[in-house]
Each structure stands twice: as C-alpha cells, then as structure tokens.
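This is what each chain is made of:
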Amino acid sequence: MSVWHDVVGQPEAVATLSDPTAMTHAWLITGPPGSGRSNAAYAFAASLLCDDNGCGTCPHCRQVAARTHPDLAYLATERVIISIDEVRALVQKAYFSPSVSTYRVIVIEDADRMAERTSNVLLKALEEPPERTVWILCAPSEADLLPTIRSRVRSVRLRVPSIDTVATLLTQRHGISHDDARQAARLAQSHIGMAQRLALSPEAALRRAETVDLITGVTGVHDAVMAAARLLDIATADANALTKERDELELGQARASVGLGPDDPVPANMRTFFKSLEEQQKRRATRSLRDGIDRILVDVMSVYRDVLIQQLVESSRDHGDALINLEHADGVRALAARRSPEQALAAIAAIEQARERIASNVAPVLALEAMLIQASRQ
Amino acid sequence: MPWVVVMSGSAKPRRATGVPSSSSAIKVVSAFRVSPSPVVLCSGPEDFLADRAFTHLRTVLRAKDPDTMVVELDAADYVPGGLFDAVSPSLFGEYRLVRIENAEKCSDEFLEDVLAYLPHCADDVTIVIRHRSGVRGKRMLELVRSGDVPAIEVSCAELKSDKEKIDFAAEEFVRADRITTPAGIRALVNAFSSSVAELASACAQLIADTTGEITEQTVATYYGGRIEATAFAVADAAIAGNYALAMATLRHALDTGADPVPLVAAFASKLRLMAKVAGDRRSSNELASVVGGAPWQIDRARRDLSNWSERGLSNAILAVADADSGVKGASRDPVFAVEKMVTIVARFGIVAEHGHGASHR
Ligand SMILES: [Zn+2]
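Residues numbered from 1 in each chain as written. Chains lettered and ligands numbered in written order. Predicted model: local features only at pLDDT ≥ 70, side-chain atom pairs only at ≥ 80, totals over all residues.

Visitor: Looking at this model, I keep getting lost on the overall build of chain A. Mind explaining?
Guide: Secondary structure summary: chain A contains 15 helices and five strands in total. Counting all 378 residues of chain A, 41% fall into the buried class. Put simply, of all contacts in chain A between residues at least 6 apart along the chain, 71% involve residues at least 24 apart. (Helix = DSSP H or I, 4+ residues; strand = E, 2+ residues; numbered from the N terminus. Buried ≥ 20, exposed ≤ 12 C-beta atoms within 10 Å, placed from the backbone. Contact = placed C-beta atoms within 7 Å.)

Structural data, given as structure tokens:
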C-alpha cells in the first residue's frame with residue numbers, strides 16, 4: 001500500500017508532494033498540531049528514496065518508517081530548541097551524495113525551534129544546495145520561520161482533517177467501530193495521534209475524562225489548588241505512558257529494521273546504534289512532562305470552548321451536537337450557567353497564559369493553580 | 001619584645017566605609033594576618049573581623065607569654081587615666097593586651113589620654129583600638145596612620161561582593177590546610193551570604209566535621225536547607241501580615257545575593273498548603289497524608305489561615321505566580337516582581353482588583 005495512503009484528509013498536499021514535475025530541493029510542510037506534519041514528511045521521504053514512488057513495502061520504505069534508511073537524516077526535537085551543532089551536523093551530511101537511492105533526504109521535524117543563529121547555518125545550506133539533497137522542514141506555520149528561509153522553500157500546507165476523516169482512518173487502521181472512532185476523533189479535536197490514543201488506550205480516555213470533570217468542578221481556591229495537583233499527576237501519568245509506548249514502538253521498529261526479533265540479543269557490532277537510540281529516548285523523556293501538560297491544557301481549553309458555545313448559542317435550543325465534550329454536557333452546561341461569556345473568555349486567556357508560563361519555566365503546579373483560580377472566578 | 005613597623009608605600013590599603021580617607025603610612029592587613037604590634041587599629045564596621053583579629057592576637061601573645069594580661073576599656077565610657085593604668089608595667093612584667101572598644105564614640109578624656117600615649121607607646125604592650133566608622137577620633141586615627149607610631153591596621157571592612165566573601169572563605173580553608181573546590185566555596189558563600197560571622201562558623205564546622213576535599217556536595221549535605229530557611233522566614237513574616245519584617249528580611253536576603261527563585265517557591269509552598277487545608281476539618285495527622293506535609297505544617301497553615309479570606313488567598317497565589325514568571329524572565333525587574341508579591345501577601349491578598357486577570361507583562 002502506498003506510503004501516501006496514511007496521509008489522510010490531505011489530497012491537495014499529497015498531490016503537490018507526489019507530483020514529479022514540482023520537484024525542488026527544499027520543502028516546508030506546515031499545519032496545526034495533530035494534522036500529521038511529520039507523517040507527511042516521512043511519507044514524502046519514502047516516496048523519494050523508494051524505487052517505486054513510495055510503495056510502502058520495499059526495504060527502502062520500511063527503513064524510512066524505522067528511521068534507519070542510510071540516505072535519510074532527520075532531527076526529531078527532543079529538546080525545546082534545536083542546537084546549532086545539530087544543524088551543523090545535518091548540513092555536513094547534506095554534502096554527501098546518496099549511497100543507495102537517487103536522493104539524500106533530510107527532515108527537520110520542528111524547524112520552528114531554531115534560534116536565528118541556527119537558522120542561518122541552515123540558510124547557507126539552502127542557498128547552495130547539493131544537487132541530490134532534498135530538505136523537508138516541518139513547522140506549525142510559515143510565520144514560524146525566518147523570511148530568508150521561507151523564501152527558499154516550497155511550502156505545502158496541511159489542513160485540520162475533519163472528524164469523519166480521522167474516524168475513517170482509525171476504523172481502517174485499527175478496526176475500531178465507527179461510533180467509537182468518531183467519539184475519539186471528536187474528543188481529540190481531529191488530532192490524529194491523540195484520537196488514536198483515546199481510541200486504543202482506555203487509561204488515556206479515563207485520564208481525559210477526569211481532566212474535564214476536574215475543570216468543571218472547581219469553585220474556589222481550595223478546589224483550584226487540589227485540582228492543580230491532580231492535573232499534574234494526570235499529566236505525568238499521561239507523559240509516562242506516551243513515552244513508554246513511543247519508546248517501545250521505536251525500539252521494535254529499530255530491531256525489525258536490522259532483522260532482530262523482540263527477544264533476540266543485540267550483536268556486538270550494533271550495540272552503539274542501540275545505545276544511541278536509548279540515549280535519544282532518555283533525552284526525550286525529560287521534555288515529555290511539559291508536553292504532557294500541554295496536551296492536558298488542550299483538553300482544558302476544549303471545556304471552555306464548549307462553555308462559550310453553550311453561552312453564545314440560544315439556550316432554548318439544544319446545541320449538544322456542537323460540543324466537543326458531549327459526554328460531559330451536564331458539567332459544561334452547569335459551568336456555562338455560572339459564568340458570563342466574559343468570564344469564559346478570561347478563563348481561556350488564563351489557560352493560554354499558563355501554557356506560556358510553563359514554556360518559560362514557571363513551576364508547572366503554580367501556573368496551573370493560577371490558571372484554575374482565574375478560570376473559576378465569579 | 002621586638003616589634004616591627006612596616007612602611008608600605010605600594011600596598012593599597014582597603015578602607016572601610018566611613019573611615020577617614022587620609023593617606024596611610026602603615027601596613028594594612030586582614031584579620032587573620034595580624035601580628036602583635038604596639039598599636040593595632042581595627043577599622044571598619046565588621047565586628048566579626050575585629051573579634052577575629054583580637055582573638056588571633058591573644059593566641060599569638062599567649063603562645064609567647066602565657067601570662068599575657070588582657071584589659072578591656074570602653075572609649076565611650078572612659079574613666080580618665082584608665083589607659084595609663086592598663087599600659088603601665090606590671091609587677092611581674094607580663095605582656096599586656098589592651099582592647100579598646102567604641103573608639104568611634106570616644107570621649108574627649110579618652111582622646112586626650114590616647115594622644116598622649118601614642119607617641120611614647122611601650123613595647124611590651126599591644127593596644128587594640130576598635131573604630132567602626134565616622135570622623136570621631138580623627139586626630140587619633142591620623143596619628144596612628146602617620147607612620148610615626150609603631151602601628152598596623154586591620155581592615156574590618158564589610159565583605160560586600162561575593163568575591164570578597166569567596167576570598168574570605170577560601171582563606172579560612174587554606175589556613176586549615178583543607179582542599180576545596182571553587183563550586184564548593186561558592187555554594188557555601190551563597191548559603192551564608194548574609195553574615196560573615198555565620199560564614200566563618202560554617203567554614204569552621206566543615207573543617208571540623210568533614211575530611212577530604214570540600215565540594216558542592218559537602219556543602220549541600222551540611223547546609224542545603226539554609227537558603228530555604230531564609231526564604232521561609234520572609235514568607236512567614238508576609239503571611240502573618242508583618243510587612244515591615246518581611247520587606248526587611250527580603251531586602252537583606254536579596255542584597256546579600258540570595259536567589260529570588262527559592263524565595264518565590266517558599267511563598268508558593270506555604271500558600272498552597274493553606275489553600276489545601278482551608279475548610280477541611282480532618283485531623284492534622286489524617287490531612288498530612290492526604291495533602292503532603294508534616295502535621296505541624298498543617299497546624300501552622302491552619303493558624304496562618306485565621307487572618308485570610310478566600311478571595312485574599314486567591315489573589316495571593318495569583319501574585320506568587322506573577323512573581324515566579326517575573327523572576328524567570330518575564331519581568332525586566334525581578335526584584336520588583338518579588339517585592340510586589342511580598343506586598344500583596346502581607347496585605348492578606350487584599351488588592352485593588354484590576355492588576356490580575358491574564359495580563360502579560
Ligand atoms: Zn518502497
């Protein structure tokens with residue numbers, strides 16, 4: 001099955017990326033979180049490295065999926081910013097000619113996480129592109145990159161896939177019933193990875209449900225502080241679970257790519273490779289709590305988005321269908337009744353502020369406490 | 001007993017604040033480098049260093065003459081003739097060490113006697129003149145520093161910069177023949193930035209209680225809780241509504257180089273516990289296991305709550321979150337951010353209700 005099959009709900013982007021006449025040496029894939037930027041980037045990479053435009057089954061395609069293809073270099077950001085040394089190393093690789101394929105492909109998953117100085121190192125490489133090297137950058141939007149970089153890449157924009165598209169994907173990939181898949185896609189607000197987790201992991205679904213219950217139940221400073229502590233626990237559990245899943249998947253893929261079964265011992269000549277994978281995973285774990293809180297804040301935000309919808313739409317009519325948190329409709333309605341739309345907007349601003357504060361190193365629990373206090377103010 | 005007057009033209013003496021800046025022709029040494037001389041002037045506000053110099057002199061003198069007699073005089077409350085009594089040769093010829101306190105507040109009678117004594121000072125006597133600051137006793141100071149009198153000066157200047165304190169602590173360990181790491185010294189100075197006396201006794205404790213190299217880890221083991229102790233002192237005062245004490249403790253901590261981040265964390269932790277125990281009637285033992293914290297902390301939080309309202313506690317926590325954001329880079333003036341927090345907390349969180357909301361600074 002073609003690698004493009006997994007890039008769901010993005011027909012325009014796929015058309016552009018798979019058009020051989022559109023080929024250029026530097027690409028930028030943009031789209032909101034969960035729209036599948038990295039997914040599209042690696043599908044594109046596979047289509048360039050495969051002898052059959054990304055057949056999805058040949059060794060090239062499988063090696064790209066396992067991130068072990070010799071002509072693929074990539075930067076998946078484990079840290080908050082990409083270091084200048086990491087980019088220098090990639091730029092060096094860009095000047096080697098491909099060893100087995102027609103192209104050498106370099107993916108930078110979070111190109112928005114480069115400081116200006118780092119961007120300039122990349123810019124040099126983009127200005128004098130080696131003939132057979134293709135750069136694929138990913139970022140939430142074009143505005144996240146320096147204009148000098150923007151002007152040297154061809155941009156492909158992904159859109160938020162519809163709930164139905166995501167649900168269909170879940171049904172196809174995992175054989176989940178359409179109703180369950182739709183529910184997961186709705187709760188995840190079409191974030192593909194999140195929807196998949198909610199559909200497949202009962203614990204993840206429970207954690208989300210508890211988050212929403214906590215938010216709708218806060219009425220004072222005591223509640224706020226207790227709920228903040230609980231939210232942090234949930235975020236930690238969520239981050240740990242996700243890290244573990246991701247690490248195991250990655251390790252399994254890496255083993256498969258070198259022909260090792262799950263329980264086979266690692267031969268001596270491959271120890272370095274597995275060691276470096278392990279280190280990469282550890283580094284990623286340090287960032288994961290912050291990401292875990294970020295994910296939870298998306299759920300928190302969805303509650304106040306529902307509250308606003310509930311308030312702004314005539315209350316005489318039933319607008320349950322418009323809610324994200326349909327399963328918590330009673331809590332949402334009660335919250336909407338206790339608040340003015342101005343207060344709901346203030347709550348949304350407070351959530352945004354908490355996100356920014358946590359990103360700039362404010363103690364997470366304190367940022368969450370302040371957020372919940374502001375959100376619950378009458 | 002021989003004495004030496006060292007004329008030092010090249011050494012740059014460090015002057016204590018408030019000490020007349022007339023040029024000095026005598027040797028200026030640090031407190032632990034002092035050697036017996038007929039006149040020793042301990043100038044500058046740091047009493048600890050003056051004490052140190054005196055103790056050191058006494059030890060040196062007693063090593064030479066175990067019968068050395070110590071006499072103490074108060075220059076502010078001086079009985080005329082007292083100095084001459086103290087320095088006059090004794091029947092048994094013991095060496096005499098005369099400690100003169102409060103020379104910066106000296107009486108005219110003292111001044112008269114000391115000016116008469118200095119040009120003819122005895123060589124089996126050391127007089128130690130303690131002068132903290134100011135111009136009182138100017139003629140005495142000028143004479144001591146003129147080089148015409150066998151004198152040395154001990155700089156008892158306040159150790160202001162971290163570097164001075166680091167040098168001080170490093171010297172303490174060198175004298176004890178102990179090896180330290182730069183990070184170890186720095187950690188120690190950070191923990192005891194508010195008082196040289198405390199810093200010195202911390203050094204002494206480490207020298208006595210540990211063996212081997214003194215590292216950051218050694219310091220953390222012994223004094224890890226100290227920085228937090230200062231932070232909690234500020235938080236305790238503010239939460240009790242004692243604005244003046246909270247501010248004074250805060251300023252002192254910040255002036256002596258305390259990091260504002262643990263300060264804010266101490267506020268957050270106390271207010272958080274207050275919010276957790278608010279309205280919960282369970283016993284403190286039971287609550288301790290639920291909300292975290294020791295039973296005494298629960299009791300304390302309950303007592304603290306008596307002055308607080310629900311709204312006030314909310315505002316206070318918001319102020320702490322603002323301050324944490326401020327000290328972590330959002331504010332160009334982190335000190336102001338912390339002061340604002342202290343002010344709001346010390347008012348039990350009663351604020352004009354516009355400052356909050358999701359404002360971005
Ligand atoms: Zn293929």
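Visitor: Explain the overall build of chain B here, please?
Guide: Helices and strands together make up the secondary structure of chain B, namely 15 helices and six strands. Taken over 361 residues, chain B has a buried fraction of 42%. Of the contacts made within chain B by residues no fewer than 6 positions apart, 78% connect residues no fewer than 24 positions apart.

Visitor: Could you clarify how one ought to interpret the sheet that holds strand β3 (residues 69-74) of chain B in this entry?
Guide: Where strands meet in a sheet, backbone hydrogen bonds hold them as pairs that are either parallel or antiparallel. Residues and elements named next belong to chain B. Pairing is parallel in the open sheet, where six strands are placed in the order β1-β6-β2-β5-β4-β3. Two strands in the sheet have a free side with no partner beyond their single neighbour: β1 (27-29) and β3. The average angle at which neighbouring strand axes cross in this sheet is 20°, direction not considered. Bridge count between β1 and strand β6 (residues 151-155): three bridges; the pairing is parallel. Paired with lysine 27 across the two strands is isoleucine 152, which belongs to β6. Sheet contacts for helix α1 (residues 47-64): β2 (39-43), β3, β4 (96-101), β5 (125-131) and β6; angle to β5, the most-contacted strand, approximately 175°. (Pairing = 2+ DSSP bridges. Axes fitted to C-alpha atoms, helices over the stretch in contact; angles between N-to-C directions.)

Visitor: What exactly am I supposed to notice about the nonpolar core here?
Guide: Across soluble globular proteins, you tend to see nonpolar side chains buried next to one another. Membership of the largest hydrophobic core comes to 147 residues, with the highest contact counts inside it found for Ala45 and Ile136 of chain A together with Ile317, Val320 and Met341 of chain B. Ranked by the residues each element gives to this core, the list is headed by helix α11 (residues 260-277) of chain B, at eleven residues. Among all residues touching valine 320 of chain B, those that are not within four sequence positions of it are Leu366 of chain A together with Val264, Phe267, Ala268, Leu271 and Met341 of chain B. (Core = buried A, V, L, I, M, F, W, Y, C linked by C-beta atoms within 7 Å.)

Visitor: How do you make sense of the interface of chain A and chain B when you look at a structure like this?
Guide: Where interface size is quoted, it is often the accessible area lost as the parts come together. Chain A puts 21 residues into the contact, and the matching count from chain B is 21 residues. Within the residue set of the side of chain A that touches chain B, elements represented by two or more residues are α11 (221-257), α14 (341-359) and α15 (364-375) of chain A. In the side of chain A that touches chain B, the residues fall into twelve nonpolar, six polar and three charged. (Nonpolar A, V, L, I, M, F, W, Y, C, P; charged D, E, K, R; others polar.)

Visitor: What is the right way to look at the packing of α11 of chain B against helix α13 (residues 295-305) of chain B in this model?
Guide: Each pair of packed helices gets described by two things: the angle between the helix axes and the distance between those axes. Residue and element names in this part refer to chain B. Look at α11 against α13: their axes get within 9 Å of each other, and the N-to-C directions meet at 85°. Judged by the angle between their axes, α11 and α13 are roughly perpendicular. From α11, Leu273, Met274 and Val277 reach across to α13, where they touch Gln297, Ile298, Ala301, Arg302, Asp304 and Leu305. A class-by-class count of the residues in the contact of α11 with α13 yields six nonpolar, one polar and two charged. (Parallel < 35°, antiparallel > 145°, perpendicular 65-115°, else oblique.)

Visitor: Would you mind showing me how to read the sheet that holds strand β4 (residues 133-139) of chain A here?
Guide: All names here are of chain A. Taken in spatial order, the five strands make up an open sheet running β2-β3-β4-β1-β5, and their pairing is parallel. Only two strands of the sheet have a single partner each, and these edge strands are β2 (72-75) and β5 (154-157). The average angle at which neighbouring strand axes cross in this sheet is 15°, direction not considered. Bridge analysis of strand β1 (residues 26-30) against β4 gives five bridges, and the strand direction is parallel. Residue pairing across strands places tryptophan 27 opposite isoleucine 136, the latter belonging to β4.

Visitor: Honestly, the packing of α15 of chain A against helix α14 (residues 310-330) of chain B in this entry has me stumped. Any pointers?
Guide: Contact geometry for α15 of chain A and α14 of chain B: axes closest at 9 Å, N-to-C directions at 135°. In terms of orientation, α15 of chain A and α14 of chain B fall into the oblique class. The way α15 of chain A lies across α14 of chain B gives a crossing that is left-handed. Taken together, the residues of α14 of chain B that come into contact with α15 of chain A (itself represented by Leu366, Ala367, Glu369, Ala370, Ile373 and Gln374 of chain A) are Ser314, Ile317, Leu318, Val320, Ala321 and Asp324 of chain B. The class makeup of the residues in the contact of α15 of chain A with α14 of chain B is eight nonpolar, two polar and two charged. (Left-handed = near helix turned anticlockwise from the far one by under 90°.)

Visitor: What is the right way to look at helix α8 (residues 178-187) of chain A in this model?
Guide: Since the α-helix packs 3.6 residues into each turn, any two residues three or four apart lie on the same face. All names here are of chain A. Of all ten residues in α8, seven are buried, a share of seventy percent or more. When we look at burial in α8, the residues that qualify are Ala181, Arg182, Gln183, Ala184, Ala185, Arg186 and Leu187. Contacts from the buried residues of α8 go to α7 (163-174), α9 (192-200) and α10 (202-217).

Visitor: Sorry if this is basic, but what is going on with the pairing of β4 of chain A here?
Guide: Looking along a regular strand, one sees the side chains alternate between the two faces of the sheet. Residues and elements named next belong to chain A. The buried fraction of β4 is high, at seven of seven residues. The alternating pattern of β4 places Thr133, Trp135, Leu137 and Ala139 and Val134, Ile136 and Cys138 on opposite faces, both of which are buried. Bridge count between strand β3 (residues 104-108) and β4: five bridges; the pairing is parallel. Note on β4: the bridge partner recorded for isoleucine 108 is leucine 137.

Visitor: Mind showing me how you'd approach helix α3 (residues 108-117) of chain B here?
Guide: All names here are of chain B. Phe110, Asp113 and Val114 are the residues of α3 that are buried. Angularly, the buried residues of α3 cover 95° about the axis, an arc narrow enough to put them on a single face. Opposite the buried face of α3, by more than 90 degrees, sit the exposed residues Asp108 and Ala116. Those residues of α3 that are buried are in contact with α2 (82-87) and α4 (138-145). (Arc of directions from axis to C-beta.)

Visitor: In this structure, what is going on with the pairing of β2 of chain B? I would like to understand it.
Guide: Residue and element names in this part refer to chain B. In terms of burial, β2 is largely enclosed, as five of its five residues are buried. Sheet analysis places β2 next to β5, joined by five bridges and oriented parallel. Bridge assignment links valine 39 to a residue of β5, and that residue is isoleucine 127. Sheet analysis places β2 next to β6, joined by five bridges and oriented parallel. Note on β6: the bridge partner recorded for valine 40 is isoleucine 152.

Bear in mind that shape data such as this cannot, by itself, settle questions of function.
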